[in-house]
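Single-letter residue listing:
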Amino acid sequence: MINRLRRERPAAGGGWRAWGSWVLWVVFLALMPSPVTGQEPPPDTAQVDSTRIRVFELLRNLARPPVPDSLLILADSAGLIPADSLGRIQRSAREGSAASGDSIMQALLELPGYEPTHFEGGRAEFEAGERRLLLLSAEGSQARVRREGNEIAADSAIIYDEESGRVRSSGATTFTPEEGDPVTSETMIFDLEEERGSALGAETRYTQGANWIVRGDMPYVDGDVFYGDHMRFTSCELDEPHYHFEADEIKIVNDRVLVARPVRLYFADVPVAWLPFIAQGLGSGRSSGLLTPRFSVNDIVRTSRGYRRRISNMGFYWAMSEYTDATTALDWFSGEFLSLTSAFRYSVRRKFLQGDVNYRQYWREEGGQELAFDTRHSWEYDERTQLRVSARYASSTDFVRRNSFDPREVTQSIDSDGGLNRRFDWGNLSLSANRRQFLSDDRVEMTLPTANLSLSTITLFRAPASQAKWYNNLTWSGGGSLSRRITDLAPQDTSFSFGLTDKVANSATFRSSLNLGPLSLSQNLTYNENVVRDVPDSIFAPLPDSAAAGEGVPPLPLGVAALQDLGLRDLAQADLTWTASVSYQQRLIGSTTLTPSLSISGRALRSDSIPEAESFQSAPSRVSVAAQLKTDLYGFFPGFGRFDAIRHKLSPSFSWSYSPSSTPSDLQQRVFGSREIQPRNVLTLGINQTWEARLRPEEEEEPGEESPAGIPGDSAVVVVDSMAATTDSTALPVDTAGPRRPERSDKVKLLGIQTSVLEYDFVEADSAGDWTAGFTTTRLRNTISSDFLRGLNISVEHDLFENIESEEEGRSRSFAPHLSQLNLSFRLDSRSGLARALGGLLGGSEEPPEDPAPEEEEGAEGDDPFAASGAQETEVVPGLSRSRDRDARSERARSRRSTGWNADISYSLRRPREGAGATTQMAQGTLSFSPTERWTLNWRTSFDLEAGSFNDHMIRLTRDLHRWEASFDFRQTATGNWTFRFEVSLTDNRDLKFDYSQRNLEDQRLPLR
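Please read all numbers here as calculations on a predicted model, not as lab measurements. (Residues numbered from 1 in each chain as written. Predicted model: local features only at pLDDT ≥ 70, side-chain atom pairs only at ≥ 80, totals over all residues. Heavy atoms only, no water.)

### Quick word on the overall build of the protein
Selection rule: The numbering of helices and of strands both runs from the N terminus, where a helix is a DSSP run of H or I of at least 4 residues and a strand a run of E of at least 2. Three exposure classes are used, based on accessible area relative to the maximum for each residue type with a 1.4 Å probe and protein chains only: buried under 20%, partly exposed in between, and exposed over 50%. Throughout, a residue-residue contact means that at least one pair of heavy atoms, one from each residue, lies within 4.5 Å.
A tally of regular secondary structure across the protein gives 13 helices and 51 strands. The burial tally for the protein puts 36% of its 1009 residues in the buried class. Long-range pairs, those at least 24 residues apart, make up 54% of the contacts in the protein between residues at least 6 apart in sequence.

Shown next as structure tokens:
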């Protein structure tokens, strides 16, 4: 603090106290020169001696009372101030502004070659002979000394010795360096020239990387590094920390590293562990170095002779640049394999480019090698071009099933996909590919490539709506798609079957549409080709003349030996169809529309299994007349509870098409069969239903005021949608008494049912003589969803008919609906509507659910509750667990977890008719809840209802121990592999942990493919 020269006369006897601070500043500014590197050289000795003489004269003048003005002082300092600056300094002194400060002091501060030292205190004593300053603190404040960005503050006193250049403090002292964290101590000695000090009973904090609190004696302290003896350090902020480390020697390099040896870990005052040394990074950035090996206690000392040791993460991390890094690590599993994992990551945010590559090579104990990799890349080249690639691969699915301890990896497929999207002025182009490798049956499905082209809509004869004539605003749109799908199945070990043969499916489509208001003219061209690979030459019996196209006699079973004696070839069948149609959409009432259409179509077929169709053969062209009717029916009902009104929306659709018979040639009759050329009279029915409810407003309406919806409270109304509701078919009817806008209200979908279309052919029923033969739709699917139960999705599928074989009537069909498939899934938590409605029965919260933050979206990788620190040891294919990012994501997930509960439940049923296969029922569930404030339980399992047993388990029980965390993990896969892991780790450094693990591999030593 710099005191300005005051004009008022001080009280008697108070001259030294009033002027002492200012005089000490002048004295020590003159007596303590300090050259600054890179500045002008210091003045010569004569000028310095002259300055000191003037200062001593000023001290002698202080013996008499000061005069009201500063003329004497200005005269004494005239030799130090340039002539051109004298007027400015006098004006500053007269104004006495706080911003400019004392004029002489400002002039002294501007002297080249000197570094000022700031002193602040309540009282100062200076011994001129010994050149020692005693600076005492005032009541309620501290004595302070600042120099070159470093500051020392003491509660009692600060003693400065100019000859030694050292500052000694008394009382509670705080040293604040120019860079770094402050150090507090009971007493401190600091050398100003060397800028280092010593502190006894010191304490400091290092917040880089972790908030570490260090206490003890520090014989050497400066701005960048300090050494300590017999020190304690902890990250627990409590006055009595739950744990601490004690080290005989410690060294801390600011913003870099903390190193200590030897180290003892205490919980309270109980020693629990001893380490030869510890190194903790303090920097927030990345730095190259050795990885911390991962192993358990029983990997060092086995508890049983049959236990297989495992040591992983033995490698090196290389921070290559600001945008890239790489990792290489070894993993040794006794009796199983030795693996090398390499990972490379890059991220260039300015270029919107990021990705990673994870590669793992296995050397099996019994001989042989396996590999697996995972890679992900994304690049937004510009606002119109996006590229993404995600690929995963394993050379052997048996190796994955035998060595994986992750239930999800065993049951899920190994998926890869990639794509390129490009938006042009004239349209959009999308290229993509995907590959799925199923672990259950070694099936591989790949789609390469998939191309979609969508042309921008072209408007011809553009004109404003008010001036448009009948031919204006004619629009044309078009596009096309191309795909190739490959199915690779495991080799057949039994008799030949078409269902177990590799297949290839190629398809291409081109579409075009010309629209003029409600009138539409469309064209469509489709090409489909199906190839069955490796079919024996003599697998088919001769086809009868009346065989339908593509429908051969069931293949004759051939053994493996017979297959080896026959030649193999591919069977292909290509189908080319084209359609041109014209339609007109007429609006009737509200949303009710009638769309008549007229179309003409043709077909060409080529099949290797039909001798007459080895090249493309054309079918007779067909003309079809069709009409489609769509409407929306509404039913309004009074509300209940917190629902103001309920609406039932019924959306039926009817379509009818008729095609007369054609006159085929004999060749067309043999190639396409009778069904292809017979007349058609088809009726199609579709229906969708939705029940919606409007929530009551928070503020109740005044008595007698009409509801905005205008819905009677004691009656139900079923109406056809009116013209007033055509702009928003989901809006409730409004009061038509006046042109006012209805208030916006929240709507909830209570229940939605979508039913697949049902198709019936009258001609087919007449020709077969059985009304059931007219149903071309044999399966009926209903999909149910609701907003009231979060995530509800129900899919129900029924087989409508049962085929009956009899000697008298031959093959017939019987109407017998049969539940064939059922899929159900939903999410329930303590904040859901059902839980809040049931109240305390399910532990529901009365608070409404909040919208999740972007990083808390469902399915986010960081919210994985089973992301244990050793998760990468449970996987065979790398990449599912990014080890360097996992701890940060898990920490965010733990900080966001709720004290309530949540559950995800799914159920699947496959129920074929009797004699067609076995019924399978599988239930899966995930449950997470906190029984107490510190405990968290996560459980994921699947249960086979037919077998009456659990397939797999993932259980994680976590206990928050303030700065530590204890976890109990148990995993069991469907293959029988299981692992148990107990771990206690420090949340500020996950590598510092104590863990115990047990694992078991089922004996599955089958030949690997």
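### Let's talk about the pattern of salt bridges
What counts is decided by this rule: Each salt bridge in this description consists of a side-chain nitrogen of Lys or Arg and a carboxyl oxygen of Asp or Glu lying within 4 Å of one another.
Under the counting rule described, the total for this entry stands at 52 salt bridges. For the salt bridge of Asp415 with Arg436, the shortest nitrogen-to-oxygen distance reads 3.5 Å. Within this pair, whereas Asp415 is found in strand E25 (residues 414-423), its partner Arg436 is found in strand E26 (residues 427-437), the two being separated by 21 residues in sequence. The salt bridge involving Glu983 is made with Arg981; its shortest N-O contact spans 3.2 Å. Here Glu983 matches Arg981 in class, with each residue buried. Residues joined in a network through salt bridges with shared partners are Glu120, Arg144, Arg146 and Glu151.

### Structural notes on the pairing of strand E31 (residues 519-536)
What counts here: A pair of strands is labelled paired if DSSP reports no fewer than 2 bridges between them.
Relative to E31, strand E30 (residues 503-516) runs antiparallel, the two sharing 14 bridges. In the sheet register, Thr509 faces E31, and the bridge partner there is Thr526.

### Quick look at the environment of Phe245
Inspection of the secondary structure assignment puts Phe245 in strand E14 (residues 243-253). Between the C-alpha atoms of Phe245 and Pro262, which are 17 residues apart in sequence, the distance is 9.9 Å. The contact partners of Phe245, leaving out residues within four places of it in the chain, are Trp212, Met231, Arg232, Phe233, Val263, Arg264, Leu265, Trp964, Leu986 and Leu992.

### Description of unusual backbone geometry
Between Leu448 and the following residue, Pro449, the backbone shows a cis peptide bond with an omega angle of -5 degrees. For Pro449, the location among the structural elements is in strand E27 (residues 444-455). Its identity as a non-glycine residue notwithstanding, Phe352 has a phi of 55 degrees, on the positive side. Along the chain, Phe352 falls in the loop between strand E21 (337-348) and strand E22 (353-364). For Phe352, a relative accessible area of 52% corresponds to the exposed category. The phi torsion at Asn473 lies on the positive side, around 60 degrees, for a residue other than glycine. Considering the arrangement of structural elements, one finds Asn473 in the loop between strand E28 (458-460) and strand E29 (474-488).

### What to know about the confidence of the model for the protein
In regions of low pLDDT, the predicted coordinates are not meant to be interpreted in detail. Short version of the rule: What pLDDT reports is the predictor's confidence in each residue, on a scale of 0 through 100.
For the protein, mean pLDDT is 76; residues scoring 70 or higher make up 74% of the total. Across residues 1-48, where pLDDT falls below 50, the model places 84 contacts with residues more than four positions away in sequence or in other chains. Below a pLDDT of 50 lies the segment residues 62-100, which in the model reaches 35 contacts outside its immediate sequence neighbourhood of four places, other chains included.

### Thoughts on the pairing of strand E34 (residues 593-607)
Across 11 bridges, strand E32 (residues 568-584) lies against E34 in antiparallel orientation. Residue Gln573 lies in a different strand from E34, and its bridge partner there is Ser607. Alignment of strand E33 (residues 586-587) against E34, held across 2 bridges, turns out to be antiparallel. When the bridges of E34 are listed, Arg587 appears paired with Thr593. In this structure, the hairpin formed by E33 and E34 is closed by a connection of 5 residues, where Gly590 is found at a positive phi of approximately 60 degrees. Strand direction decides the pairing type here: E34 and strand E35 (residues 617-618), joined by 2 bridges, are antiparallel.

### Some remarks on the nonpolar core
The test is simple: Only buried Ala, Val, Leu, Ile, Met, Phe, Trp, Tyr and Cys residues count toward a nonpolar core, and they belong to the same one when joined by side-chain atoms within 4.5 Å.
Counting 42 residues, the largest nonpolar core has Val214, Phe233 and Phe245 as its most contacted members. At 5 residues, the largest contribution of residues to this core is made by E14. Ala372, Phe399, Phe405 and Leu1001 belong to the second-largest nonpolar core, a separate cluster that totals 13 residues.

### Some remarks on the side chain of Thr447
Looking at the secondary structure, you find Thr447 in strand E27. Using a relative accessible area of 14% as the deciding quantity, one classes Thr447 as buried. Once residues lying within four places of it in the same chain are set aside, the contact partners of Thr447 are Ser432, Ala433, Asn434, Arg484 and Arg485.

### Here we look at the packing of aromatic side chains
Here is the rule: Note on aromatic contacts: the rings of Phe and Tyr and the six-membered ring of Trp form a pair at centre separations within 6.5 Å, being stacked when their planes are under 30 degrees apart, edge-to-face when over 60 apart, and tilted otherwise. The rule for a charge over a ring is simple: NZ of Lys or CZ of Arg within 6 Å of the ring centre, and within 35 degrees of the ring normal.
For the structure on display, the rule yields 29 aromatic pairs. Each ring, one from Phe373 and one from Tyr393, has its centre 5.8 Å from the other, and the planes form 35 degrees; the classification is tilted. Of this pair, Phe373 sits in strand E23 (residues 369-382) while Tyr393 sits in strand E24 (residues 385-394), and the two are 20 residues apart along the sequence. Classification of Tyr393 as partly exposed rests on a relative accessible area of 28%. Three or more aromatic residues joined by ring pairs make a cluster, and in this case those are Trp212, Phe233, Tyr243, Phe245, Phe267 and Trp964. Between the NZ or CZ atom of Arg310 and the centre of the ring of Phe333, over which it lies, the distance is 4.9 Å. The cationic tip of Arg813 hangs over the ring face of Phe801; the distance from NZ or CZ to the ring centre is 4.9 Å.

### Section: the environment of Arg261
If you trace the backbone, Arg261 turns up in strand E15 (residues 257-267). By relative accessible area, which is 51% here, Arg261 ends up exposed. Here the alpha-carbon distance between Arg261 and Ile278, two residues 17 residues apart in the chain, equals 6.7 Å. If near-sequence neighbours (up to four positions away) are discounted, Arg261 is found in contact with Ala247, Asp248, Glu249, Pro276 and Phe277.

### Topic: the environment of Trp476
Note the threshold: Side-chain atoms alone can form a polar contact between residues adjacent in sequence; in general such a contact is a pair of N or O atoms within 3.5 Å, and within protein one must be able to donate a hydrogen while the other accepts it.
With respect to the element layout, Trp476 can be found in strand E29. Considering only alpha carbons, one finds Trp476 and Leu521, 45 residues apart in sequence, at a separation of 9.5 Å. Ignoring any residue separated from it by four or fewer positions in sequence, one finds Trp476 in contact with Leu455, Ser456, Thr457, Ile458, Ser512, Ser513 and Leu514. One polar contact links Trp476 to Ser512, side chain to side chain, over a distance of 2.8 Å.

### Describing a negative patch on the surface
Short version of the rule: Residues enter patches when they are more than 30% accessible in relative terms and free of salt bridges; like-charged ones are connected within 9 Å and nonpolar ones (Val, Leu, Ile, Met, Phe, Trp, Tyr) within 5 Å. For the area figures, the Shrake-Rupley method with a 1.4 Å probe applies, and any residue is considered shielded solely by the protein chains shown. In this tally, Asp and Glu contribute negative charge and Lys and Arg positive charge; neither His nor the terminal groups of the chain are included. We put the charge of a Lys on NZ, of an Arg on CZ, of an Asp on CG and of a Glu on CD.
Taken together, the side chains of Glu178, Glu179, Glu193, Glu195, Asp224 and Asp255 make up a negatively charged region of the molecular surface. Among the structural elements, Glu178 can be located in the loop between strand E8 (173-176) and strand E9 (183-185).

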